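Listed here are the chains, written in short residue letters.
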Amino acid sequence: MQIFGVDIGGSGIKGAPVDLDRGDLAEERYKVLTPQPATPDAVADGVKEVVGHFGWTGPIGITFPGVVTGGATIRTAANVDKAWIDTDARALLGERLGGLPVTVLNDADAAGVAEMQFGAGRDRQGTVILLTFGTGIGSALFHDGVLVPNTELGHLELSGHEAEKRASTKAKEDHELTWERWAHRVQKYLAHVEMLFSPELFIIGGGVSRKSDRFLHLIEDIKAEIVPAQLQNNAGIVGAAMRAAKSAT
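The rules behind each value
- Residues numbered from 1 in each chain as written.
- Predicted model: local features only at pLDDT ≥ 70, side-chain atom pairs only at ≥ 80, totals over all residues.
- Heavy atoms only, no water.
- Buried < 20%, exposed > 50% of the residue type's maximum accessible area, 1.4 Å probe, protein only.
- Helix = DSSP H or I, 4+ residues; strand = E, 2+ residues; numbered from the N terminus.
- Contact = heavy atoms within 4.5 Å.
- Polar contact = N/O pair within 3.5 Å; in protein donor to acceptor, adjacent residues only side chain to side chain.
- Axes fitted to C-alpha atoms, helices over the stretch in contact; angles between N-to-C directions.
- Parallel < 35°, antiparallel > 145°, perpendicular 65-115°, else oblique.
- Left-handed = near helix turned anticlockwise from the far one by under 90°.
- Nonpolar A, V, L, I, M, F, W, Y, C, P; charged D, E, K, R; others polar.
- Core = buried A, V, L, I, M, F, W, Y, C linked by side-chain atoms within 4.5 Å.
- Pairing = 2+ DSSP bridges.

Visitor: Can you break down helix H2 (residues 89–96) residue by residue, with the values?
Guide: A turn of α-helix holds 3.6 residues, and therefore any two residues three or four places apart point the same way. For H2, the complete set of buried residues consists of Ala89, Leu92, Leu93, Gly94 and Arg96. Next to the buried residues of H2 lie helix H1 (40–54), strand S5 (60–64), strand S7 (73–74) and strand S8 (102–106). Where H2 begins, one side-chain oxygen reaches toward the backbone nitrogen of Arg90, 3.3 Å away; that side chain belongs to Asp88.

Listed below in structure tokens is the structure:
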């Protein structure tokens, strides 16, 4: 069974059909740059381009980098235009996609759902936290496999700043941090999250998961196991498709 997944990020919009039996992309993903400013209409046009690239005409799951309530309404927009706040994303994107059935959820939640089903969190009980490091820091919190949605732990305070302003991969690039210095910031962030939630497992996702050998071994003094996301940066696309398939049944 195939369902289409789209992952809206602060820097890129990417999507592909997903093979839900394998939990992997059925075709190579297609990506466009996130428009700047990332207004609702401009982003919707980007989503339309990604979907149109494949000529897709069925259900579509779409992630959003912020809080999504009721499967539709955007409540926060840290890394896209503030005009998204209070927008009915399901209605907007569904209309732009010609009335196709659309499901919308938080981007890190989508990645987490995919990793718990097909990746590093499979068959893991207890408290598991997936953190996606990219333009910001997204989070997905699970207990015994059940998602607590919209946690947004990237906005916790760290050293007097929002954590994602200090420890995201964008912060690494903006401040020209070495892997060692960045890993130290990530370690401080993980220690703070661990103090609050005492997870058994941290899953590190986002594009930087492809380079886990550059920094994971530098993170010390964390009691929880720390592993890279197995689906890497495709996890959001897979999770979006999984949620769309669930909504369609």
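Visitor: For the packing of H1 against H2, give the residues involved together with the corresponding values.
Guide: Orientation of H1 relative to H2, taken along the N-to-C sense of each, is 50 degrees, at an axis distance of 9 Å. Taken together, H1 and H2 sit at an angle that is classed as oblique. Like other packed secondary-structure pairs, H1 and H2 cross with a definite hand, here right-handed. Counted together, Pro40, Asp41, Ala44, Asp45, Val47 and Lys48 of H1 and Leu92, Leu93 and Arg96 of H2 form the full contact between these two elements. Of the residues assigned to the contact of H1 with H2, the class counts are 5 nonpolar, no polar and 4 charged.

Visitor: Quick rundown of the side chain of Thr169? Include the residues and the values.
Guide: Mapped onto the elements, Thr169 comes out in helix H5 (residues 169–174). Thr169 sits in the buried class, given a relative accessible area of 12%. In terms of polar contacts, Thr169 uses its side chain to reach the backbone carbonyl oxygen of Gly134, at 3.0 Å. If sequence neighbours within four positions are ignored, Thr169 has contacts with Phe133, Gly134, Thr135, Trp182 and Val208.

Visitor: Describe the nonpolar core, listing the residues and the values that go with them.
Guide: A general trend in soluble globular proteins is that nonpolar side chains are found buried together. Formed by 55 residues in total, the largest nonpolar core has its most connected members in Val6, Val47, Ile60, Ile62 and Trp84. By residue number, the principal contributor to this core is helix H7 (residues 235–248), which donates 7 residues. Dropping the residues within four chain positions of it, Ile60 is found in contact with Phe4, Val6, Val51, Leu97, Leu100, Pro101, Val102, Thr103 and Ala244. Counting 25 residues, the second largest nonpolar core, distinct from the first, contains Ile137, Ala183, Val186 and Val208.

Visitor: I'd like to hear about the pairing of S5, residue by residue, with values.
Guide: Most of S5 sits out of view: 5 of its 5 residues are buried. What you see with S5 is no split at all: Ile60, Ile62 and Phe64 on one side and Gly61 and Thr63 on the other are buried throughout. Judged from the 5 bridges that link them, S5 and S8 form a sheet pairing that is parallel. From the neighbouring strand, Ile60 faces S8, where its bridge partner is Val102.

Visitor: Quick one: what's the story with the sheet that holds strand S10 (residues 137–143), residue by residue and with numbers?
Guide: Spatial ordering of the open sheet is given by S11-S10-S9-S14-S15, a layout of 5 strands whose pairing is mixed. Among the strands making up the open sheet, the edge pair consists of strand S11 (146–148) and strand S15 (225–228). Put simply, the sheet's adjacent strands are angled 25 degrees from each other on average, direction ignored. Taken together, the 3 bridges between S10 and S11 define a ladder with antiparallel strand orientation. Looking at S11, one finds that Phe142 is bridged to Leu147.

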